[in-house]
Each structure stands twice: as C-alpha cells, then as structure tokens.
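Here are the chains, one letter per residue:
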Amino acid sequence: RKWVYGFGAGGSDGTAKMKNLLGGKGANLAEMSSLGLPVPPGFTITTEVCTEFYKNGRNYPAGLEDQVKAGLTKVEDAIGARFGDASNPLLVSVRSGARVSMPGMMDTVLNLGLNDETVKGLEARSGDARFAYDSYRRFIQMYGNVVLNIDHHEFEEVLETHKRDADLHLDTDLKADDWKDVIKGYKKVVEHETGKPFPQDPHAQLWGAIGAVFESWLNPRANTYRRLHSIPEDWGTAVTVQSMVFGNMGEDCATGVAFTRNPSTGENAFYGEYLINAQGEDVVAGIRTPQHLTIKGKEANGSNLPAMEETMPGVFKQLDEVRLNLESHYRDMQDIEFTVQQGKLYMLQTRSGKRTAAAALKIAVDMATEKLIDETEAVRRVDAAALDQLLHPTIDPKAKKDILAKGLPASPGAAAGKIVFAADEAERRAGQNEKVILCRIETSPEDIHGMHAAQGILTTRGGMTSHAAVVARGMGRPCVSGAGDIRIDYKAQTLTVRGHTLKAGDLITLDGSTGEVMLGEVPTRQPELSGDFGTLMGWADKLRRMKVRANAETPLDAETARKFGAEGIGLCRTEHMFFDADRILAVREMILSEDEQGRRAALAKIEPMQRRDFVELFKIMKGLPVTIRLLDPPLHEFLPHGEREITDVATSLKIDEARVRDRVKSLSESNPMLGHRGCRLGISYPEIYEMQVVAIFSAAVEVKKETGDTVVPEIMIPLVGTRKELDILKAIIDRVATETTHQDGTRIEYQVGTMIELPRAALRAGSIAESAEFFSFGTNDLTQTTFGLSRDDAAMFLPTYLRQGIYENDPFVTLDQSGVGELVKIAAERGRATRPDIKLGICGEHGGDPASIKFCETVGLDYVSCSPYRVPIARLAAAQAVL
Ligand code: PEP
Ligand code: MG
C-alpha cells in the first residue's frame, strides 16, 4: 500500500480532495504545489498509518520505512542537500495534520536534522553562526518538549540563567557563543530528564518525531478538542515532513500568517501579520508583537510598526497574487502561512480560514455576488449554529464606560464577568453558575476547557492570530487579546492597569469587537442585523421545505419571533400567562377553592385576561398559525412556598393560613414531572380547560371581526398517553367552541391536536391520530421519559456521562436520534398511516438545534418550532437539511 505521498519540486502525488488520507495540511500542500506555488518539497505519511499504528499495538505497517526513505531521497534531490550531511545538511519540519484543523492540539518540530556536526554545515551555508546555533538550540528545546516530554520550564531556566549570568536581556542580545553555552545546558537537561544523550542521528530524530505526532493524536488536549468538536477518534492524523525554509536568517527574511479576507468582519481585504527575522512559531506564540501586512491594516489597528507592503514591497506583491490565485482556486477564504527566506517567498500552508459568524455571512454573500460560488453554496457555507454569535449582545452605546485598557478586537461580542486567572478556576466557577472572564498572559491548548467555560477571554500578549484569538473566534466567545498595558500577576492573583489593581472575583467587561476592557459590569444591547443576513436568509427560505415557527407566549417574544421570520407559533405555553402579576392571585384562588363552584368563580376572573393575551398574540401573528397548549404543569407550581408568601396569599384572599398550608402540602408530589399534570389536569378539572377554550375562541372572534384576519387556532393537549384522554378533552373543546362562537354566528376554523411527549403516545400514535389533527413532538419530555432522565436533575451527572462517552451529546440539547428519534419516526409513520394529512411538528428545545433539525427533515416533519432567537438558525439549518 502507498503510505507516503510526495509534494513540491514540480508536482505532487496528492490533491486537495485527499484530506481524509493526507490530512488538511498535507492535502493542501499537495494542491498548492500542483498549482505551481512555491512550496518547499516534502512528503506526507497518511492517516491510514496512524490507524494501523494503533490497530497493531503502536507498530508501523510493513513497507513504511522504505517509503519514507524514498520520500526523503526525493526531497534531498530537489533541494540538493543531504539529510545528516555535515557540509550541506537537509533540515526538515515534522507536523501533524488531521482531516479538519485542530489548532494547537498537535505538536510541531522544526529544524530536525541538526546535530553537533550538521550545525556547522548550517553555519557555513548561511554564513551566520548565531543563526545556526540559535536554530540548533530551538530544535533541542522543541524536540525535548514535544518528543521527549520535557517541560518547557527546564529549558527556559537554562536560558534565563545564562542571560542573568552574562547580563543579557533580550534573546536577540545572545551571540553564537552564548547559544553554544545554552546548547550545552539544554543537552544536560535532556540527559538528566531522559537518562540518555540528545539523539544525534537525524534518522533517529525523524522517527522519534513521527512517533510523537502519532502519539499526540491521543493526548488529553487532543481528546478534549475532539470531544468538543465531535471528531471521531478513528480519523487519525497524517504526518507531514517538509524541507525547512528560514524566516530567521536575517533582515531580508520574515515569516507570517494571513487570511485572504478579514476573518473578523469578512471584508474583502488582505489581512495578516508578519515578523521580520523570525520563525513561524514566534508569530503564533505571541512573544513579539507582529506587524501588519498592509498599510490599511496597520492604520485600522493604530499600529506604528511598518507594514510588509512598505518593508518588502516586491514580496508583498507576489504574496498578494498568491492570495488571489488561492481564492479563485479554492473559492473560499484561506488561512495561509508563509516564510520569506533571503527575499524569496515560500508558501507553507493554506487551509479554509476560521472566521467569525459575521465574517462567514459576509464572505458567503459576497462570494455569491462575485459569482465565485452560487447561492446554494453560500447557504451551505454558513454554520447555522454560529449565527448565534450575530445575535450576541454588544455594549450599549449609551452606557458609561470606564475603559481600563485597549487590546486587539480578537473575537466579537460583549461579555461581563468576574476575573479568574486559571482555566480550572474558570470551569469550577462556571459550574456554580458564575459568569467569569478568563484573564491570561497568553493561552495555550491546556486552557481550552476554561475558555469554553468563560463568558470571555482576555490576554495581555499575542496578536489576532494568537491561540486565544483563533480559539475564541471558533467558540464564539468574545476575546480581547494583546492588551499590553495590563499586568497580570498569577501568584498575587491580581490584574494591574492604570493605577487600578483588580483581584480575582472583581467584575470587568470586555468588548471583543473594539478591544476595550472596562471596569465593572457595563450594560449591553441586542444586535442589529446586516443586510447580508436578510439576503442569506432569503436564499435559505427558497431552499427549505420545513416551516419554522417559534415557541412564544408574550407579545414581546411573538414580535421578536416575527422579526426573525417565524411563520407561526408552534407552542404557546399558556401557564406562563398564569404567573403574571395581575392574575396569579386569581389562579391561586382557583387552586385553593374547595369545590368546582369556587374554581369557576376564580376562573371567571382569569378568562378576560387570558382572552386579552390571545387577542394580542393573534394580532401580532396576523393570520399565521398559532398553536396554543392548554395548561400543563402541576398546580402546586403556582402555589406559594415560603412562609411569608403563604401569609401574604392568605391575607390577600382573606382565608385561613392553615388552609393554604394544607393545600400546599396535599398537592405536593414526589415526582411532579410524572404527576398530576398535562391532560390529567384537564380530566380532573375540566373547568380550567373550558375557561382557556372560551378565551381562545372569543379572542379569535374578536380579532377576526376587528382585523379581518382569519385566525385558525390549533389547540394542543399536553402529555397525552391514550386516545381516550384526547377524546374526552376534544369533546369539551368542540362543545365550548360551538357555544362560544354560536353566540354571534362567526365561524372560526380550528384544529385539535396533541403533543407526543410520552413513549406510549408515540407507540399508540396510530390510534391517537384518529382523534388528533396534528402532532407536535414535545421532545423535552419525550427525552426525559424515554431515558428515564429528569430534566431538572440530570445536570448533576450528565458531565460525567459525556466525559465517559456514555452519551455522545447532552440529549436535552441534541436529539438522541437512535432512541428518542426512533419513537418520533414510529409516531410519524403510524400517525400518517391513520391520517395521511396529519400535520407534524416539533416544539421541544431540539427544534432549534441544527443536527436535530436535519433529523426532522429526514422524518419529513412539516415544521420545527424553537425559541425566537433561534429562528434564524432554524431557517438556515432547515435549508441545509435539504442540501
Ligand atoms: C416538551 O416537553 O418538549 C415541551 C415542548 O413542553 P415543555 O418543555 O413545556 O414541557
Ligand atoms: Mg412537555
């Protein structure tokens, strides 16, 4: 089998389509090299080798060694240098590359091939002893850390000690002889830590590095990232071995990273950073502050360091051509890495660039307008779940801000929270429902869990492409990076700036769109959506089959839902209306009544208020369908709990306190979710449902008369388990509907249907459909009852279940397709068999989750219903579900 694919030196064995085999990096290097771009030659060991490696107890497949040797020879021939040759040594980099980019997760080794002999060759070839020995010590440090698992710290200490003893301050102050001393110290560290000398044989170095990449596929950081991004373990990683080019051989050398369009805003402008006389790691690590590529970028960010456009105009022009070339070839925004060695440009990497949701939207719409892609492709390009970021709050422009410092606007959105200085602490406090801002000098992959738990991330070092910036953007967390005026002292647990000293637990606010860091909690505001948003939504609407409705009961929610394009209300939870200040007392009076007569008297007070609610809702929805669910929760939810509240209620209703207390006690249930709720209430107290139905129909009549809109209420019964329940309640609804509308002769069409939220209802859907005109899948309760998992208590052990992979996802967030989904499928089939035109929808939280929406499409539901803010996500996800 072919395990090794070559590239560079005029042609390549692979293509961009071979991502699964060569990893993203390897495939794109192959593609770039066939495009004729200047790519340093190298080869990629396939992901299949990784899979075989683990399958065979960490052993390489037969034939690999020979193929690597042949690959290496080709590279040597192309470069005209030999691996391990003392006078003209070939040096290589070794990198990992999975199918999808896993930033910072996997380890890289540069300058491999250096040893005590070849370093002299490098010195001779470059004519720069300092450079050669600096490269060698970097190599020992990287190799020591990545391959030999020696803590960074050990090497830093040697370097710091040398600097102190020699009275030097910056790394750039060190001369060749200094580095030679440092190298001696580094070697001692290696010998001390591993019991063996630093490997001098380049082939041993190479195989050590290859092994380390494969091993790192299963390291804890990679495992965390995979879990967060649902990347299967058996994909494996490829290893790319590539000849080195040097951005640190002098002032005519540079290294940088760039995006072919602005990854924050999506603007069609070259955007990137570079460092003169530096190696790639320096840009990403954020140790030196990078300079902008373009004059425009420099000015926009208020930098006073010269742009590459000014310092290296020729190379910049060539790079700009590469940018256009790559975009027209890949038809997508690219994230590129390049190095300039002695005035010559080399492309090291290209891949589809990570971007904010706002940028994704703008780029997709722009590229469709530029005819690089079509509308369908544009719809496919925007991650539906990420739209959430566009709906994130911003700082209220009228708010008073006490600005502490300004960093880089690394990831948009505003967030306030308590200062924490460590990822574990962020996770711990977030677990206690505290809002925290993770404040770090810089972040590394070890911090990912804390970044995830935090509302926002602040770093004092590093550019727009630093780890913090890239990861926060991907997660949709607001981030301010490189706020250099701020001093963070981990030991003292303080953050100092402009005379303020803030402690852990103090409040700050970040604006990831401007880079501002503010004292205290600053008020935020909901975002306005751009024209591109409407355009893309319009394209999505043309493609999707399923309708999108919203779960809403208040006029504000209904209006928001309409604004976001909801095509009706899929769930109006009427109990939410019972809690309003003007009626909760009447509701309590009803519950505390001794008999039906008393209850009816209290309900008569509630009815006009419910009617007004429905009138408002119907008016906002202007003839669009509105599904109203009759009362669902157990009655004790409405009763007072604390002693003081009990006294208040008793006084207001002029009844005995003891009676209130008795009623609270008698209604209490040990398992309310499975108790006296849903249609069971309607069966026990038909007068409650009667009142609600009167309110619905009188509101419908009123609105129809007033506006002329046809209102077609869909009345929905919760928690049905048998057809008999539905029959009894439907008879009541039909009777009350006739009575209410007959009074003035207006005809109101309506439908009566049920929620499917119990396994029995799903299984008996064929029979239930004889009475139900529609089903709405209440997948919150259906998940709860199918798993036997309490919605309220599951959070206590769900994290453990997720960590151990017992559940792949939180089943209350993403529909469990193989279990709960099976019941949905069965119910849909059986319901349709009885009543072919039965209307099917979903109104559980899953109705706003893209993966679950895709599933709903495969089952052929007519609509999904979700919270108003998720309506745009659902519209896009429903379109993507048919592509
Ligand atoms: C459901 O159970 O899925 C549902 C929508 O109803 P609720 O969340 O109100 O129980
Ligand atoms: Mg429910």
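Residues numbered from 1 in each chain as written. Chains lettered and ligands numbered in written order. Predicted model: local features only at pLDDT ≥ 70, side-chain atom pairs only at ≥ 80, totals over all residues.

1. Quick word on the domain arrangement of the chain
No. 1: When the domains of the chain are assigned, the result is domain 1 (4-243), domain 2 (254-355), domain 3 (393-525) and domain 4 (544-634 + 669-882).
No. 2: The distance between the C-alpha centroids of domain 1 and domain 4 comes to 58 Å. (Domains from an automatic or database assignment.)

2. Comments concerning the UniProt feature "binding site: Mg(2+)" (unreviewed entry) in the chain
No. 1: As annotated in UniProt, the feature "binding site: Mg(2+)" (unreviewed entry) corresponds to Glu757 and Asp781 in the numbering used here. The named residues occupy 25 residues along the chain; their greatest pairwise C-alpha distance, 5.3 Å, places them in one compact cluster.
No. 2: Counting through the fold element by element, Glu757 comes out in the loop between β30 (751-756) and α29 (759-763).
No. 3: Each residue touching Glu757, except ones within four places of it in the same chain, is listed here: Leu719, Gly778, Asp781 and Leu782.
No. 4: The residue Asp781 is located in helix α31 (residues 779-787) in this model. (UniProt positions renumbered as here; feature names shortened; annotations may be inferred. Helix = DSSP H or I, 4+ residues; strand = E, 2+ residues; numbered from the N terminus. Contact = placed C-beta atoms within 7 Å.)

3. Brief notes about the sheet that holds strand β21 (residues 494-497)
No. 1: Judged by pairing direction, the sheet is antiparallel, and its 3 strands sit side by side in the order β20-β21-β22 without closing on themselves. Two strands bound the open sheet, and with one partner strand each, they are β20 (487-489) and β22 (500-503). Between one strand axis and the next, the sheet turns by 20° as a mean value, whatever way the strands run. (Pairing = 2+ DSSP bridges. Axes fitted to C-alpha atoms, helices over the stretch in contact; angles between N-to-C directions.)

4. Side note on the site of ligand 1
No. 1: Every residue close to ligand 1 is listed here: Leu571, Arg573, Asp632, Glu757, Gly778, Thr779, Asn780, Asp781, Cys843 and Gly844.
No. 2: Broken down by secondary-structure element, the contributors of at least two residues to the shell around ligand 1 are β27 (569-573) and α31.
No. 3: For the shell around ligand 1, the element with the highest residue contribution is α31, accounting for 3 residues. (Near = placed C-beta within 6 Å.)

5. Thoughts on the sheet that holds strand β10 (residues 291-292)
No. 1: With antiparallel pairing, 5 strands are arranged side by side in an open sheet as β10-β9-β8-β11-β12. Pairing within the sheet leaves two strands with one partner each, and these edge strands are β10 and β12 (344-352).
No. 2: In terms of strand pairing, strand β11 (residues 334-341) meets β12 through 8 bridges, oriented antiparallel. Pairing of Val340 across the sheet is with Leu345, part of β12.
No. 3: On top of the sheet, helix α13 (residues 313-330) reaches β11 and β12; it is set at about 150° to β11, its chief contact.

6. Thoughts on the packing of helix α34 (residues 850-859) against helix α35 (residues 871-882)
No. 1: Two elements in contact, α34 and α35, have axes separated by 9 Å at closest approach and are oriented at 50°. Relative to α35, the element α34 lies oblique. Crossing hand, α34 versus α35: right-handed. Contacts between α34 and α35 involve Pro850, Ile853, Lys854 and Glu857 from the first element and Ile873, Ala874, Ala877, Ala878, Ala881 and Val882 from the second. (Parallel < 35°, antiparallel > 145°, perpendicular 65-115°, else oblique. Left-handed = near helix turned anticlockwise from the far one by under 90°.)

7. What to know about unusual backbone geometry
No. 1: At Arg58, a residue that is not glycine, the phi angle is positive and equals roughly 60°.
No. 2: Examined against the element boundaries, Arg58 turns out to sit in the loop between α2 (47-55) and α3 (64-79).
No. 3: Here Arg58 falls in the exposed class, since 10 other C-beta atoms lie within 10 Å of it.
No. 4: In this model, Lys371 sits at a positive phi of 65°, which is unusual for a non-glycine residue. (Buried ≥ 20, exposed ≤ 12 C-beta atoms within 10 Å, placed from the backbone.)

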